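# Observations on chain architecture
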Amino acid sequence: MSKNEAVDAYLAMQPAGTRRVLEKVRATLRKALPGAEEVISYKIPAYRLAGGIVIYLPGGSRTTHSTPSPRRSSLPSRTSWRPMS
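Residues numbered from 1 in each chain as written. Predicted model: local features only at pLDDT ≥ 70, side-chain atom pairs only at ≥ 80, totals over all residues. Heavy atoms only, no water.

## A word on the overall build of the protein
- Secondary structure summary: the protein contains 2 helices and 4 strands in total.
- Listing each helix as α and each strand as β along the protein from the N terminus yields α-α-β-β-β-β.
- Per-residue burial for the protein yields a buried fraction of 33% across its 85 residues.
- Restricting to contacts in the protein with at least 6 residues of sequence separation, those with at least 24 account for 37%.
- As displayed, the protein has an accessible area near 5,800 Å², and 55% of this comes from carbon and sulfur atoms. (Helix = DSSP H or I, 4+ residues; strand = E, 2+ residues; numbered from the N terminus. Buried < 20%, exposed > 50% of the residue type's maximum accessible area, 1.4 Å probe, protein only. Contact = heavy atoms within 4.5 Å. Areas by Shrake-Rupley, 256 points an atom, 1.4 Å probe, with all protein chains shown as cover.)

What follows is the structure in structure tokens.
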């Protein structure tokens, strides 16, 4: 199973309402972090950039939230960020 297939499988297991929200957030993160690798870390979707996890995307039946990684060194420099269109 590829990394994207693993994330797809994770999303498929979520309740319909949660899955819709996670898919929207996933699309937004893909646009905002074009060089990031989508992975499963700690059994939840995450986005790896510059060798470190930038953000986690956990789902659940009662909450959906994104969790920034505490490793600030994994974030790109502010000058390399692209505005979203």
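Here the narrative resumes.
## Considerations on the packing of helix α1 (residues 3-12) against helix α2 (residues 16-32)
- Following both chains from N to C, one finds α1 and α2 inclined at 150°, their axes separated by 9 Å at the closest point. Taken together, the axis directions place α1 and α2 in an arrangement best described as roughly antiparallel. Contact residues: Asn4, Val7, Asp8, Tyr10, Leu11 and Ala12 in α1; Arg19, Leu22, Glu23, Arg26 and Arg30 in α2.
- Looking at side-chain class alone, the contact of α1 with α2 contains 5 nonpolar, 1 polar and 5 charged residues. (Axes fitted to C-alpha atoms, helices over the stretch in contact; angles between N-to-C directions. Parallel < 35°, antiparallel > 145°, perpendicular 65-115°, else oblique. Nonpolar A, V, L, I, M, F, W, Y, C, P; charged D, E, K, R; others polar.)

## Observations concerning the side chain of Gln14
- Within the secondary structure layout, Gln14 lies in the loop between α1 and α2.
- Within polar-contact distance, the side chain of Gln14 engages the backbone oxygen of Tyr10 at 3.4 Å. (Polar contact = N/O pair within 3.5 Å; in protein donor to acceptor, adjacent residues only side chain to side chain.)

## Description of the nonpolar core
- Residues Leu29, Leu33 and Tyr47 are the most contacted members of the largest nonpolar core, which totals 17 residues.
- Every element with two or more residues in this core is listed here: α1, α2, β2 (44-49) and β3 (52-56).
- With near-sequence residues (within four places) excluded, Tyr47 lies in contact with Arg26, Leu29, Leu33, Ala36, Glu37, Glu38, Gly52, Ile53, Val54, Ile55 and Leu57. (Core = buried A, V, L, I, M, F, W, Y, C linked by side-chain atoms within 4.5 Å.)

## What about the pairing of strand β1 (residues 37-41)?
- Relative to β2, β1 runs antiparallel, the two sharing 5 bridges. Residue Ser41 lies in a different strand from β2, and its bridge partner there is Ile44.
- Hairpin geometry of β1 and β2 is characterised by an intervening segment of 2 residues between the two adjacent antiparallel strands and by a positive phi of about 55° at Tyr42. (Pairing = 2+ DSSP bridges.)

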